[in-house]
Amino acid sequence: MQLKSIQFIFLCSLLFAYLFSAAQRRGALVSGTVLDENEQAIGKVSVAILGRQTGIVTNDSGKFSIRVPAERAFALVFSFTGYKTAQRNFLLNQDEHETVTIRLEKASQQLESVVVTDQRQRRETGLVTLNPKNAINVPSPVGGIESLIKIIVGSNNELTSQYTVRGGNYDENLIYVNDFEVFRPYLVRNGQQEGLSFINPELTRSVNFYNGGFQARYGDKMSSVLDVQYIKPKTFGGSAYVGLLEQGLSLQGTSRNNKFTFVAGARNRSNRNLLGSQETKGNYVPASSDFQAYLTYQLSQKLSAELLVNLSQTRFTLVPEFSQQTSSVFSPVFSANIGLDVYFAGREEDRYKTNMTGLSLNQQVNKNLRLKWMLSRFVDDEKESVDIAGAYLFGERDFDRSKPTFGLITNPLGAGAYQNFNRNRLNIEVWNASHKGYYSLGRHYIQWGLSAERQRIHDKLNEWEYQDSAGYSLPYNPSQLGLFSVLKSTTDLDITRLSGFVQDNLVFKDSAGFTLQGGVRYNYNTLNKELLLSPRLNISWKPLEWKRDFVFRGAVGIYDQPPFYREYRRYDGTVNKALRAQKSWQAAGGFDYNFSTGNRPLRLTAEAYYKNMWDVVPYDIDNVRLRYFGENRAKAYAAGIEMRLFGDIVKDAESWVSLGIMRTRENIDNDFFYNYKLDSLNQPVDSVRTQGGWLRRPTDRLITFGMFFQDYLSTNKNFKMYLNLLYGSNLPYNIPNNVKYRNALSIEPYIRADIGFSALLMDSDRSKRRSHNPFRDFENIWATLEVFNLIDRANTISYLLIKDFSNTTFTIPNRLTPRLLNVKLIARF
């Protein structure tokens, strides 16, 4: 399997190299003159092949001559300040010489804004800066900012916006929007039930993602930080998009005196088309909608206020009818196509409702001192109602199309029935009051923060499962009818958390090229009364005397994670209020290298890391549901290396490749089991105790690979293509709450390719639009066609365990989505 992994990555790398080196052949010549509207020659006009980073300029007489590729279509672009850009398409033979005359028209255009970037993204360990404009373009069923992150860190489920980073799980990631920490629903069991992500890409100004080594000013999690800033507009505008899966509208504007600004967006999403192709057939009614607004007001020259509001609701209804799943079994004594047919009765209804309001006050005391005061409230209300019964037949499936039994189970191995019943309710309310300060003192930039948080959690679980196999209820008891599992629990938690940090950012003398960031965090909660101190240090060095543009960076620190909700709960539903925080020390180091090849600027980053963890709470993953042991009974580690290459393969079309290699292991205390020796009557006569030792963690994935590639037609920049490739090697799958069969199964490698095609229907040139044109105020309109899962690979997310008449257990994979088409229309105004 590892050989196949290497082959896949090698082929993807060859594809990337081919795309990078295409269009290098030249075999024809184009020359001519560039004139203005008065037939006067224009000198210094830029002449470039569409998609190339460099070109030539005309001489003082307006003359030019440029070598161009032969035997294929291409376009020349002529541009000069104060004139409209002109484009001419060509298709020339080898050694052909074409002479043209180009006339440029005057244009009344405003000067484009100049963006000045610093070296921050190169100097901070673990920082990846993402362009939020790519979020609407990346072909992915979920879309959004998280789809861009998955290309960086890998993925194994296209139905969820959640992600894992460097061996961590979904609960180990921090998300901030304008310095407010945001949360997500907790009872979600699978990606089908998920709704919209909190982050609205159309409202987003900047995205900073830290996949490790983040500073003390960020909170107490062990894996990553996603820091998002929303737009503070200067003019009126907006966007609207309509697709088969999602629709959205956003508006932004400012008052005449520029004291008040607003940006607001509403979205609606339905995955019915996506889920209709699942193996379980039935009536899916998923619906998710949200509204967000970010308002600012300048109270005085030194005082401003900000308000962030989010209202989100997701409803998921399923009336299952029939499921037909198949798996192949190969062994020295038995080979077959194993099938499972299930007929359902009942329904599932889930509701997840979250509200978040954040108010902040910014005070610029003087040019060196800035203070920020924040108050926020988060409310989460979740309900699960499930009452589904199923009758199943399990056995060998016939795949001979010439027989009338094609697709049917012809050799039954087992039969039974089951019923799942859930009535779960979760209410979470979080109040947070925070203060942050920023003080510039020479080469020092000092930051500090204080936070007080009140968490109220009310949780009521009522679940039971009945199983019947071959007419016998499980577990079998001839004297009574029993349930296979029962979970009843009611919990009320009232927790106060106090946290804070202080951090200094020091820039050494210019001749040294060193920067240093050092700080410490503290965290205390009233439930288990545990005090945590987390010192963290970051350093970067840019060798100023080197000709090559290198930046070296490193980080080391303590990263602790106090439990929030799910970690407290054991498998039996009881709550461990004495549960301690999971703790780790982490170290990371690498480099950032800017270089050019073929006149194309590229950026290569590499980073190695090591995480040593103790007081770990072990867990199992089933789809997107995390089931914790509820005890600090493990130690673990994660180690790996990540490499990324960023660049424009073609001009103005950002692309990147990411490759990660990682190992993460855990050692659970008292994870021993006994292997029994049986006699002829199947009675135990001897036993051997076996210790589990170091095992793969649920997120242990040796290789992750991602590629995002953009291109456009060589003769027309208005027709674009976006390619999203993801690969992840196998994952371990644990039999839930079973020590002996931990790491017993393996989920096959995740391979996925999504592609999108976009065409510009209306550009920003308004000079040719009539006054009564209903689209006269639109900036542009794009139409997009997307093909999800281009190779139609049946990726596995989890397993269903089925026993036959002889009590032998078989595994049936639960598959993700097949190939699917999506169309959407995007308009900006």
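Remember, it's a predicted structure, so these values are computed and weren't measured experimentally. (Residues numbered from 1 in each chain as written. Predicted model: local features only at pLDDT ≥ 70, side-chain atom pairs only at ≥ 80, totals over all residues. Heavy atoms only, no water.)

Novice: So what about the overall build of the protein chain? Which residues, and what values?
Specialist: The helix and strand tally for the protein chain stands at four helices and 44 strands. Against the compact-globule benchmark of 28 Å for 829 residues, the protein chain has a radius of gyration of 30 Å, which places it among compact chains. With 829 residues in all, the protein chain has 53% of them scored as buried. Taking the intrachain contacts of the protein chain between residues at least 6 apart in sequence as the baseline, contacts between residues at least 24 apart amount to 68%. When the accessible surface of the protein chain is split by element, carbon and sulfur atoms take 55% of a total near 38,400 Å². Computed over 99 positive and 81 negative side-chain charges, the inter-centroid distance for the protein chain is 4 Å. (Helix = DSSP H or I, 4+ residues; strand = E, 2+ residues; numbered from the N terminus. Rg over C-alpha atoms; globule rule 2.2 N^0.38 Å. Buried < 20%, exposed > 50% of the residue type's maximum accessible area, 1.4 Å probe, protein only. Contact = heavy atoms within 4.5 Å. Areas by Shrake-Rupley, 256 points an atom, 1.4 Å probe, with all protein chains shown as cover. Lys, Arg positive; Asp, Glu negative; His and termini not counted. Charge placed at Lys NZ, Arg CZ, Asp CG, Glu CD.)

Novice: Describe the sheet that holds strand β2 (residues 46-49), with residues and values.
Specialist: Across the sheet, which stays open at both edges, the four strands sit in the order β3-β2-β5-β6 with antiparallel pairing between neighbours. Pairing within the sheet leaves two strands with one partner each, and these edge strands are β3 (56-57) and β6 (86-91). Both strand β5 (residues 73-79) and β6 contribute to a ladder of six bridges, which runs antiparallel. Following the sheet pairing, Phe-74 is matched in β6 by Phe-90. (Pairing = 2+ DSSP bridges.)

Novice: An account of helix α3 (residues 145-153) is needed here, citing residue identities and associated values.
Specialist: The element α3 is largely enclosed, with a buried count of nine among its nine residues. Gly-154, located one to two residues past α3, shows a positive phi value of around 95°.

Novice: Hey, could you go over unusual backbone geometry for me, with residue numbers and the actual values?
Specialist: Phi at Arg-166 takes a positive value of approximately 50°, unusual for a residue other than glycine. Looking at the element boundaries, Arg-166 is found in the loop between α3 and β9 (173-177).

Novice: Lay out the environment of Thr-496 with the relevant residues and their values.
Specialist: With respect to the element layout, Thr-496 can be found in strand β23 (residues 485-507). For Thr-496, a relative accessible area of 25% translates into the label partly exposed. Apart from the residues within four sequence positions on either side, Thr-496 is in contact with Glu-453, Arg-454, Tyr-524, Asn-525 and Thr-526.

Novice: Tell me about the sheet that holds strand β8 (residues 127-130), and please be specific about residues and values.
Specialist: Sheet architecture is open: five strands sit in the order β8-β11-β12-β9-β10, paired in mixed fashion. The sheet is open, and its two edges are formed by β8 and β10 (180-181), each paired on a single side. Sheet topology note: the β9/β10 ladder contains two bridges and is antiparallel. Bridge pairing links Tyr-176 to Glu-181 in β10. In the packing of α3 onto the sheet, the strands contacted are β8, β11 (204-210) and β12 (224-230), and the crossing angle to β8 comes to about 140°. (Axes fitted to C-alpha atoms, helices over the stretch in contact; angles between N-to-C directions.)

Novice: Which residues make up the nonpolar core, and what values do they have?
Specialist: Ranked by internal contacts, the top residues of the largest apolar core, which has 68 residues, are Ile-149, Val-177, Leu-226 and Tyr-230. In terms of residue count, the dominant contributor to this core is α3 (six residues). Every residue in contact with Leu-226, bar those within four places of it in the chain, is listed here: Ile-145, Ile-149, Tyr-163, Leu-174, Ile-175, Tyr-176, Ile-199, Val-207, Asn-208 and Phe-209. With 21 residues, the next largest nonpolar core counts Phe-64, Phe-74, Leu-92 and Val-100 among its residues. (Core = buried A, V, L, I, M, F, W, Y, C linked by side-chain atoms within 4.5 Å.)

Novice: Can you break down the side chain of Lys-436 residue by residue, with the values?
Specialist: By secondary structure assignment, the location of Lys-436 is in strand β20 (residues 409-441). Buried charge without a partner: Lys-436 forms no salt bridge, and the closest opposite charge is Asp-179, 4.0 Å away. (Salt bridge = Lys/Arg side-chain N within 4 Å of Asp/Glu carboxyl O.)

Novice: Can you lay out the packing of aromatic side chains for me, pointing to particular residues and giving the numbers?
Specialist: The final tally for this structure, using the stated rule, is 34 aromatic pairs. Pairing Trp-546 with Phe-552 gives two aromatic rings, centres 5.7 Å apart and planes at 85°, and the pair type is edge-to-face. What makes Trp-546 partly exposed here is its relative accessible area of 39%. Their ring planes at 20° and their centres at 6.5 Å tell us that Tyr-610 and Tyr-637 sit as a pair that is stacked. Taken as a pair, Tyr-610 in strand β28 (residues 600-616) and Tyr-637 in strand β31 (residues 634-650) lie far apart in primary sequence, 27 residues in all. Within the aromatic cluster, the residues linked to one another by ring pairs are Phe-508, Phe-514, Trp-541, Trp-546, Phe-550, Phe-552, Phe-591, Tyr-593 and Phe-595. The positively charged end of Arg-370 is found above the aromatic ring belonging to Tyr-438, 4.1 Å away from the centroid. (Phe/Tyr/Trp six-rings, centres within 6.5 Å; stacked < 30°, edge-to-face > 60°. Lys NZ or Arg CZ within 6 Å of the ring centre and 35° of its normal.)

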